[in-house]
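Each chain, written out:
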Amino acid sequence: MSVAPDSSSPLYGTYARAAVRFERGEGVWLIAEDGTRYLDFAGGVAVSSLGHVHPHLVEALKAQAEKVWHVSNLVEIPGQIRLAERLTAATFADKAFFTNSGAEALECAIKTARRYHYVNGRPERFRIVTFEGAFHGRTLATIAAGGQAKYLEGFGPKVEGFDQVPFGDKEALAAAIGPETAGILIEPIQGEGGIRVVPREMLRSLRELCDREGLLLILDEVQCGTGRTGRLFAHEWADVRPDIMAVAKGIGGGFPLGVCLATAEAAAGMTTGTHGTTYGGNPLAMAVGNAVLDVVLAEGFMDNVRERSLQIKQALAGMLDRYPDVVSDIRGEGLLLGVKAVVPNGELIAAMRQHGMLAVPAGDNVVRLLPPLIISAEDVREGMERMEGAIASLSAATARKTA
Ligand SMILES: *Cc1c(COP(=O)(O)O)cnc(C)c1O
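Thresholds applied
Residues numbered from 1 in each chain as written. Predicted model: local features only at pLDDT ≥ 70, side-chain atom pairs only at ≥ 80, totals over all residues. Heavy atoms only, no water. Phe/Tyr/Trp six-rings, centres within 6.5 Å; stacked < 30°, edge-to-face > 60°. Helix = DSSP H or I, 4+ residues; strand = E, 2+ residues; numbered from the N terminus. Buried < 20%, exposed > 50% of the residue type's maximum accessible area, 1.4 Å probe, protein only. Lys NZ or Arg CZ within 6 Å of the ring centre and 35° of its normal. Salt bridge = Lys/Arg side-chain N within 4 Å of Asp/Glu carboxyl O. Arc of directions from axis to C-beta. Contact = heavy atoms within 4.5 Å. Polar contact = N/O pair within 3.5 Å; in protein donor to acceptor, adjacent residues only side chain to side chain. Near = heavy atom within 4 Å. Areas by Shrake-Rupley, 256 points an atom, 1.4 Å probe, with all protein chains shown as cover. Axes fitted to C-alpha atoms, helices over the stretch in contact; angles between N-to-C directions. Parallel < 35°, antiparallel > 145°, perpendicular 65-115°, else oblique. Left-handed = near helix turned anticlockwise from the far one by under 90°. Nonpolar A, V, L, I, M, F, W, Y, C, P; charged D, E, K, R; others polar. Domains from an automatic or database assignment. Buried area = accessible area lost by both parts, 1.4 Å probe. UniProt positions renumbered as here; feature names shortened; annotations may be inferred. Pairing = 2+ DSSP bridges.

## What to know about the packing of aromatic side chains
- Overall, the coordinates contain two aromatic pairs when judged by the stated rule.
- Ring plane angle 85° and centroid distance 5.5 Å describe the contact between Phe22 and Tyr38, whose orientation is recorded as edge-to-face. Taken together, the residues Phe22 in strand 1 (residues 22-26) and Tyr38 in strand 3 (residues 37-40) connect sequence positions 16 residues apart.
- Owing to a relative accessible area of 8%, Tyr38 belongs among the buried residues under this scheme.
- The interplanar angle of 75° and the centroid separation of 5.7 Å between the aromatic rings of Phe135 and Tyr151 together place this pair among those described as edge-to-face. Taken together, the residues span a long stretch of sequence, with Phe135 in the loop between strand 5 (127-131) and helix 5 (140-146) and Tyr151 in helix 6 (residues 149-152) at a distance of 16 residues. Neither Phe135 nor Tyr151 differs from the other in exposure class; each is buried.
- Over the ring of Trp29 we find Arg37, and its NZ or CZ is 5.1 Å from the ring centre.
- Geometry around Tyr151 places Arg138 over its ring, the cationic atom sitting 3.9 Å from the centre.

Here it is in structure tokens:
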């Protein structure tokens, strides 16, 4: 169902879009113009954390829309102070800077790390070590940080200051650290890279390495944060505290919102005039962000994420046994799950769509399952039936081909 960029379209041809048009959403369901109902295990790529048109978010957005939309960061914005207080109270951080997207949160994180060393008399420390398979966004600096050739090609000189090492290669990591290194940037779970979970022990050893070398540990929790793994932030599972963290996607529940969080020490260089944004942290975004937190921080919310995760993993394990010709591995934590496909992942996603279910591709031939965190046991059961239907249809097709 993926179509080649349509040359008659007025849009940039940067996306090969599926030929489906959604008219409205209801919780974990999306309803297409032709009336077909799809179970949304794509979640707008980990954004729709509370599903579609969640009544508490709709109420918060409407109420703010009737007061004031935008005032600029030249004045105080009470919603920013409130959201920053709640985020810093719930995390390692003391300071917050609000953005509109994940890439902007990462840009702020990178600038914060460079300024930290600058104001500490070590301006030569500007380089950041990153990991193969990483994804940090599509701005010039974040494609350099991600280091993927397919995103860098043709965009001119790569932004200087990023050193990439293979995932899990301790010796390469040690070799990459030098007198110019400012910090280490890592996703606790690589999302686009194929749902590759960083072992808890490895995150702890990165923290120790940073402490030993005077480096900042920067986490990208744009995709794995905001309750997605069954803890507010994924690094909590490893009991590790970063110095700086980028957050976006799920925290806005569909409203463009990101945030860079940092300790007071790490953010010490970000003084008046050093950074800014026109829209970041505007009253509409703050109303929605606070409303998302109301729900995510409520008693029992994370229990549902963990229970539904277990339910999905158990169902998938059965499919792995029954259809080794179609799927070969399950990975991930909470509701950030990946199924490694034997057939091309795009084929499995298309078959799932034919069975009325949405999912997202990732690297390493993985199909990502990112349902809204509010999903019920019954909807998971429905989803797993649809997924098995899709897998069975591919298995039958493969059997016919080889017969
Ligand atoms: C999506 C994503 C980004 C980029 O976020 P945008 O809002 O698209 O700029 C950065 N890092 C990770 C881990 C992501 O998943």
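## Comments concerning the pattern of salt bridges
- In this structure the tally under the stated criterion is 17 salt bridges.
- Between Arg368 and Glu192 there is a salt bridge, and its shortest N-O distance comes to 3.1 Å. Taken together, the residues Arg368 in strand 17 (residues 366-369) and Glu192 in the loop between strand 8 (189-190) and strand 9 (196-197) connect sequence positions 176 residues apart.
- We note a salt bridge from Glu388 to Arg322, for which the minimum N-O separation is 2.9 Å. Of this pair, Glu388 sits in helix 12 (residues 377-402) while Arg322 is found in helix 10 (residues 301-322), placing the two residues 66 residues apart along the sequence.
- Through salt bridges with shared partners, a single ionic network connects Asp329, Arg331, Lys340 and Asp364.

## A word on helix 2 (residues 55-65)
- By the burial criterion, the buried members of helix 2 are Leu57, Ala60 and Gln64. End-on view of helix 2: buried residues confined to an arc of 65°, all on one side of the axis. Of the exposed residues in helix 2, those oriented more than 90 degrees away from the buried face are Pro55, Glu59 and Lys62.
- Its buried side turned inward, helix 2 meets helix 9 (283-296).

## Considerations on the side chain of Ser49
- Tracing the sequence through the fold places Ser49 in the loop between helix 1 (43-46) and helix 2.
- Accessibility expressed as a relative area gives 1% for Ser49, which makes it buried.
- Of note is the side chain of Ser49, whose polar atom sits 2.8 Å from the backbone oxygen of Gly250.
- Sequence-distant contacts of Ser49, that is, excluding residues within four places in its chain, are made with Arg228, Gly250, Gly253, Val292, Pro372, Leu373 and Ile374.

## Quick look at the site of the ligand
- Taken together, Ser101, Gly102, Ala103, Phe135, His136, Gly137, Glu187, Asp220, Val222, Gln223 and Lys249 are the residues near the ligand.
- For the ligand, a nitrogen atom lies 3.2 Å from a polar atom in the backbone of Phe135.
- Within the side chain of Asp220, an N or O atom sits 2.7 Å from a nitrogen atom of the ligand.
- Taking 390 Å² as the accessible area of the ligand by itself, protein coverage stands at 82%.

## Digging into the packing of helix 3 (residues 78-90) against helix 9
- With their axes 9 Å apart at the nearest point, helix 3 and helix 9 run at an angle of 30° to one another. Judged on the interaxial angle alone, helix 9 and helix 3 are roughly parallel. Crossing of helix 3 against helix 9: the hand is left-handed. Residues Gly79, Gln80, Arg82, Leu83, Arg86 and Leu87 of helix 3 pack against Met286, Gly289, Asn290, Leu293 and Asp294 of helix 9.
- Its residues placed into classes, the contact of helix 3 with helix 9 shows four nonpolar, four polar and three charged.

## Remarks on the domain arrangement of the protein
- Taken domain by domain, the protein consists of domain 1 (22-53 + 300-402) and domain 2 (68-296).
- On a C-alpha basis, the centres of domain 1 and domain 2 stand 28 Å from each other.
- With 26 residues of domain 1 in contact, the opposing surface of domain 2 contributes 26 residues.
- Across the domain 1 to domain 2 interface the summed buried area is about 2200 Å²; carbon plus sulfur atoms make up 62%.
- Looking only at domain 1, the three residues that lose the most surface to domain 2 are Met302, Glu333 and Leu336, adding up to 28% of its buried area.
- Where domain 1 touches domain 2, the interface holds two salt bridges.

## With respect to the UniProt feature "binding site: pyridoxal 5'-phosphate" (unreviewed entry) in the protein
- Within the UniProt annotation, "binding site: pyridoxal 5'-phosphate" (unreviewed entry) is assigned to Gly102, Ala103, Phe135, Asp220, Glu221, Val222, Gln223 and Thr278. The named residues occupy 177 residues along the chain; their greatest pairwise C-alpha distance, 25.1 Å, places them well apart from one another.
- You can call Ala103 buried: its relative accessible area is 15%.
- Residue contacts for Ala103: discarding those within four places in its chain leaves His136, Gly137, Arg138, Thr139 and Thr142.

## Quick word on the UniProt feature "binding site: N(2)-acetyl-L-ornithine" (unreviewed entry) in the protein
- In the numbering used here, UniProt assigns the "binding site: N(2)-acetyl-L-ornithine" (unreviewed entry) feature to Arg138 and Thr277.
- Mapped onto the secondary structure, Arg138 falls in the loop between strand 5 and helix 5.
- Tracing the backbone shows Thr277 in the loop between strand 12 (258-262) and helix 9.
- Apart from the residues lying within four places of it in its own chain, the contact partners of Thr277 are Asn73, Phe97, Phe98, Asn100 and Glu104.

## Focus: the sheet that holds strand 5
- Strand order in the open sheet formed by seven strands is 4-12-11-10-7-5-6, and the pairing between neighbours is mixed. The open sheet has two free edges, formed respectively by strand 4 (95-99) and strand 6 (162-165), since each of these has just one partner strand. On average, each strand axis in the sheet is inclined to that of its neighbour by 20°, with strand direction left out of account.
- Inspection of the sheet shows strand 5 paired to strand 7 (residues 181-186) by three bridges, in the parallel sense. The partner of Ile128 across the bridge, within strand 7, is Gly183.
- Along the sheet, helix 3 makes contact with strand 4 and strand 12, crossing strand 4 at roughly 125°.

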